[in-house]
2 protein chains.
Amino acid sequence: MGKGLTKRSEDYSKWYNELVVKADLAENSSVRGCMVIKPYGYAIWEKMQAELDKKFKETGHQNAYFPLFVPKSLFEAEEKNAEGFAKECAVVTHYRLKTDPENPSKLIADPNAKLEEELIVRPTSEAIIWNTYKGWIESYRDLPILINQWANVVRWEMRTRLFLRTAEFLWQEGHTAHSTKQEAIAETQQMNKVYADFAENFMAIPVIQGNKTESERFAGAEDTYCIEALMQDGKALQAGTSHFLGQSFSKAFDVKFTTKEGKQEHVWASSWGVSTRLMGALIMTHSDDSGLVLPPNLAPIQIVIVPIFKNEEQLTRIETYVNTLVKNLKDKGISVKFDHRDSVRPGAKFAQYEMQGVPVRIAIGPKDLDKNQVEVARRDTFEKTSVSQEGLEEYLENLLKQIQDDLFNKALEFRNNHITEVNSFEEFKQVLETKGGFISAHWDGTIETEEKIKELTKATTRCIPLEGAIEEGVCVYSGKPSKRRILFAKAY
Amino acid sequence: MGKGLTKRSEDYSKWYNELVVKADLAENSSVRGCMVIKPYGYAIWEKMQAELDKKFKETGHQNAYFPLFVPKSLFEAEEKNAEGFAKECAVVTHYRLKTDPENPSKLIADPNAKLEEELIVRPTSEAIIWNTYKGWIESYRDLPILINQWANVVRWEMRTRLFLRTAEFLWQEGHTAHSTKQEAIAETQQMNKVYADFAENFMAIPVIQGNKTESERFAGAEDTYCIEALMQDGKALQAGTSHFLGQSFSKAFDVKFTTKEGKQEHVWASSWGVSTRLMGALIMTHSDDSGLVLPPNLAPIQIVIVPIFKNEEQLTRIETYVNTLVKNLKDKGISVKFDHRDSVRPGAKFAQYEMQGVPVRIAIGPKDLDKNQVEVARRDTFEKTSVSQEGLEEYLENLLKQIQDDLFNKALEFRNNHITEVNSFEEFKQVLETKGGFISAHWDGTIETEEKIKELTKATTRCIPLEGAIEEGVCVYSGKPSKRRILFAKAY
């Protein structure tokens, strides 16, 4: 167990908060709700970014950058979007500070530098981007526009938690423009699939792809696709969303194009995003009471080598061997660290790398050298094995792949064991309280029922799974007819 | 000449503004002073980022992320820094919007959601970062801290120009903490050298390394190192700065460490940054009256291939050859585009790629195929050559290297021809008005003289060159004694 780390079974929420800090991922800043992402946490985020960016470019997207600020009048233009975000907006009202006349060591916002129009710090960029696209689009030849932006956004949340819900967070937001409804929907679906592929095959996080119900949709969207993951405490986490925006923004900003036939039509839109919230999903999918567990794909250090030595001579002998090993592993593209600090004991090093989720640890002492072997320990299973130095590089390369697969399969089994079909509201409540996880239930399709269920159980509709079958049934709450099951869960 | 592009000799400033837009690099947004960086411009910035990031990591730095907002009380803590930036600060005062009671379709900042303490949108992050470092540093073992951040910052400039001076810009800011003064100075110097190496060997922009005079230093720094480039119109451009901050921030935020000997001492600091301003330097160093000229290292498309064809059959024949060529070039890591659009004429394609600065253009028609050759055109010199298809890949690979070198040498020659030693104020004014460029002159070391020269000529001190020799002389303005020449210029 991690030193001083609360057990998950004792207090899951406390375990999470402690782990984020002890594994050196992030910490709260002196700005309410804003976090500092520490180098180790940021290195993991950079790996996510690099892989996502590659996938976006492979699917024909380019990066660009749009302003941090949105003038209030633009923000207001798409009503539903404005209404959806108005309560969380940071507002810039002044553009200058001056010395406080009552206290010369202090500064105040200069009353003579009040903005004529307030600026909103972007909570999302549809407004500023569609106002820009207006100038870029004249004819069908200018379409599609396939753009992504890596940026910071601000949503003034009242209750914040590191990575999961912060006032400022980092994300990417794709914003695309199309000449047909069909093409915009295909884009929306494609990007949700890209997210699902990334979550499962890169982050080892199994997800369910589906559509949000009307009440859970993005403000301004006609349809929202999502990937939903399940955390170890049985709560769901929305890990990514892709929105079919219809013509809501092109109408709000009057963005029309001339068709091949010479007609004027409004442009069709999609937007899609994932954020540093994925760090929270990563932590709560794989980690344990000893700290972080990282899939090798996301590990800044994939293998750490700890020498066990009593004197300088022993260390020198170990180093001679390790230097070659390190070089060979680096040549294979494996990130490896040789921790030969003599100021820290091996036990303390073991604990640190366990807490930080380094997938594989190699320990090596004089006896191992004598036997031409090393001790290999897996972070995910704690399994220790003596492995021959011959062919060690290939062994480790395969082991990293094995760990990546095992983590996914373990999470998949847990997730699959936590999808429960229920057929009555009693059963719904009982499963929710005792087992948690996703509840697959019939629903009458009304917002009223969704709200009532949320009020009574705190469970929300997570998604209408893309793979769900048509099945006649009755709503678990209202008893009214239903044509398919959807997923409910308590959620982050 | 670029279609509709103003000539540099007619109006350099207008040429620049037009080029940025016509080459599809950036445009003004509807937010005062903030720009939209378009995909083509952003792709160039991404190449700068990737190279710089590699250099930072090679020199032992890690990336992290700190909040966008700085609480006013923290911002005030380091007085000189606060004073230096106070007049350019965007200030967040509210965290919520609500429906305007007088006009239900409008929103207003909710008076009930006024922040107790205003938040400054970071103009630079020393304050928030040093307030964070306070929690990270206890002993000499915690030092050095070598961190970089890629971020957006906001400085409310009154007169803005795309890339050169914008209210919001993108940059990187390194912030390091050290146990000795010597080490912090060495870091400051090292990073200025990294910038110089990057500018010269990656961007093909010759720079002069030097120190700023006291009045031109970063607010809060004890010493500012810089790299100064020279634009084609004879004006200088500060392309990067590296600051030795002494103990000003560690004292303002009370960041102390325990030395090996058990004493408590304040930490020593450096900070250093380059920004999207480098895009302006790039444009104004290499480009011409036909548009952008890009060094191959920074070109999103290094080679464009334009087929010359009259019918489908000819295009098919060309494509068969080009597909292999494209594959071979990509295998060599060269980015190549085959523009086979039949809706655009070759002449229009040529003009577009000239405007966008693609270093090498290949044109290929049926006659070229018959002769086993292609036509290769250089963007920088407009030189056209018929080149055999045999060994073409190696020819092109070498040509790209040649262009990179030639651009640097051309800019270096121009820069060296525009450093003029003057020994009187008359000569100073005459050179400044007729020839421009850097003026190497003796200066008495006082702020008064600097101000007077600026007032009379608009020239500012650019730097005290690191390589300048000790030389007895008298100040060109005051006639007082001086021990070395420094560089003056009109500047961006």
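Residues numbered from 1 in each chain as written. Chains lettered and ligands numbered in written order. Predicted model: local features only at pLDDT ≥ 70, side-chain atom pairs only at ≥ 80, totals over all residues.

### Topic: the overall build of chain A
1) Next: From N to C terminus, chain A includes 14 helices and 26 strands.
2) Next: A principal-axis box enclosing the C-alpha atoms of chain A has dimensions of 80 × 70 × 55 Å.
3) Next: Counting over 492 residues, chain A shows a buried share of 48%.
4) Next: Across chain A, contacts joining residues at least 24 apart in sequence account for 68% of those joining residues at least 6 apart. (Helix = DSSP H or I, 4+ residues; strand = E, 2+ residues; numbered from the N terminus. Buried ≥ 20, exposed ≤ 12 C-beta atoms within 10 Å, placed from the backbone. Contact = placed C-beta atoms within 7 Å.)

### Re the sheet that holds strand E20 (residues 373-378) of chain A
All names here are of chain A.
1) Next: What the 5 strands build is an open sheet, ordered E18-E17-E19-E20-E21; its pairing is mixed. A single partner strand is all that each edge strand has here, and the edge strands are strand E18 (336-338) and strand E21 (384-388). Here the strands of the sheet are splayed against their neighbours by 25 degrees on average, with no regard to which way each runs.
2) Next: Strand direction decides the pairing type here: strand E17 (residues 303-307) and E18, joined by 3 bridges, are parallel. (Pairing = 2+ DSSP bridges. Axes fitted to C-alpha atoms, helices over the stretch in contact; angles between N-to-C directions.)

### Quick look at the relation of the copies chain A and chain B
1) Next: Structural alignment of chain A on chain B gives an RMSD of 0.0 Å, achieved by rotating through 180 degrees and translating 0.0 Å along the axis. Each copy turns onto its partner about a two-fold axis. When C-alpha distances to the rotation axis are compared across chain A, the minimum falls at A:Val92, with a value of 2.1 Å.
2) Next: By residue overlap, the copies meet face to face through one surface: 100% of the interface positions of chain A are interface positions in chain B. (Least-squares fit on C-alpha atoms with pLDDT ≥ 70 in both.)

### What to know about the pairing of strand E12 (residues 223-230) of chain A
All names here are of chain A.
1) Next: Taken across its 8 residues, E12 has 7 buried, putting it largely inside the fold.
2) Next: Looking at chain direction, strand E11 (residues 207-211) and E12 are connected through 5 bridges and run antiparallel. Paired with Gly 210 across the strands is Cys 226, a residue of E12.
3) Next: Examined bridge by bridge, E12 and strand E13 (residues 236-246) share 8 bridges and lie antiparallel to one another. Following the sheet pairing, Tyr 225 is matched in E13 by Ser 242.
4) Next: Hairpin connection between E12 and E13: a loop of 5 residues separates the two successive antiparallel strands, and Gly 234 in this loop has a positive phi of roughly 85 degrees.

### Observations regarding the interface of chain A and chain B
1) Next: Contacts between the two partners involve 51 residues from chain A and, on the opposite side, 51 residues from chain B.
2) Next: Classifying every residue of the side of chain A that touches chain B by side-chain character gives 32 nonpolar, 9 polar and 10 charged.
3) Next: Two strands pair when backbone bridges link them, and strand E5 (residues 91-94) of chain A and strand E5 (residues 91-94) of chain B are joined in this way by 3 bridges, in the antiparallel orientation. What sits directly across from A:His94, in E5(B), is B:Val91. (Nonpolar A, V, L, I, M, F, W, Y, C, P; charged D, E, K, R; others polar.)

### What about the domain arrangement of chain A?
Residue and element names in this part refer to chain A.
1) Next: If you check the domain split of chain A, you get domain 1 (12-74 + 123-286), domain 2 (303-399) and domain 3 (419-489).
2) Next: Inter-centroid distance (C-alpha atoms) of domain 1 to domain 3 is 27 Å.
3) Next: Taken together, the contacts link 16 residues of domain 1 with 15 residues of domain 3.
4) Next: For the side of domain 1 that touches domain 3, the elements supplying multiple residues, two or more each, are E11 and E12.
5) Next: Counted by class, the side of domain 1 that touches domain 3 contains 4 nonpolar, 6 polar and 6 charged residues. (Domains from an automatic or database assignment.)

### Things to note about the pairing of strand E19 (residues 360-364) of chain B
All names here are of chain B.
1) Next: Most of E19 sits out of view: 4 of its 5 residues are buried.
2) Next: Of the pairings in the sheet, the one linking strand E17 (residues 303-307) to E19 comprises 5 bridges and is parallel in character. Bridge pairing in E19 places Ile 305 opposite Ile 362.
3) Next: Of the pairings in the sheet, the one linking E19 to strand E20 (residues 373-378) comprises 4 bridges and is antiparallel in character. In the strand pairing of E20, Ile 362 is matched with Val 376.

### Focus: helix H2 (residues 39-58) of chain B
Residue and element names in this part refer to chain B.
1) Next: If you check H2, its first and last C-alpha atoms are 28 Å apart, about what 20 residues at 1.5 Å a residue would give, namely 28 Å.
2) Next: When H2 is considered as a whole, its buried residues turn out to be Gly 41, Tyr 42, Ile 44, Trp 45, Met 48, Leu 52 and Phe 56. With its buried residues spanning 155 degrees around the axis, H2 presents them on a single face. Opposite the buried face of H2, by more than 90 degrees, sit the exposed residues Ala 50, Lys 54, Lys 57 and Glu 58. (Expected span 1.5 Å × (residues − 1). Arc of directions from axis to C-beta.)

### Here we look at the sheet that holds strand E18 (residues 336-338) of chain B
All names here are of chain B.
1) Next: Judged by pairing direction, the sheet is mixed, and its 5 strands sit side by side in the order E18-E17-E19-E20-E21 without closing on themselves. Whereas interior strands pair on both sides, the edge strands pair on one side only; in this sheet they are E18 and strand E21 (384-388). Strand-to-strand twist in this sheet, taken as the mean axis angle between neighbours without regard to direction, amounts to 25 degrees.
2) Next: The sheet strands contacting helix H10 (residues 346-355) are E17 and E19, and the helix crosses E17 at an angle near 170 degrees.

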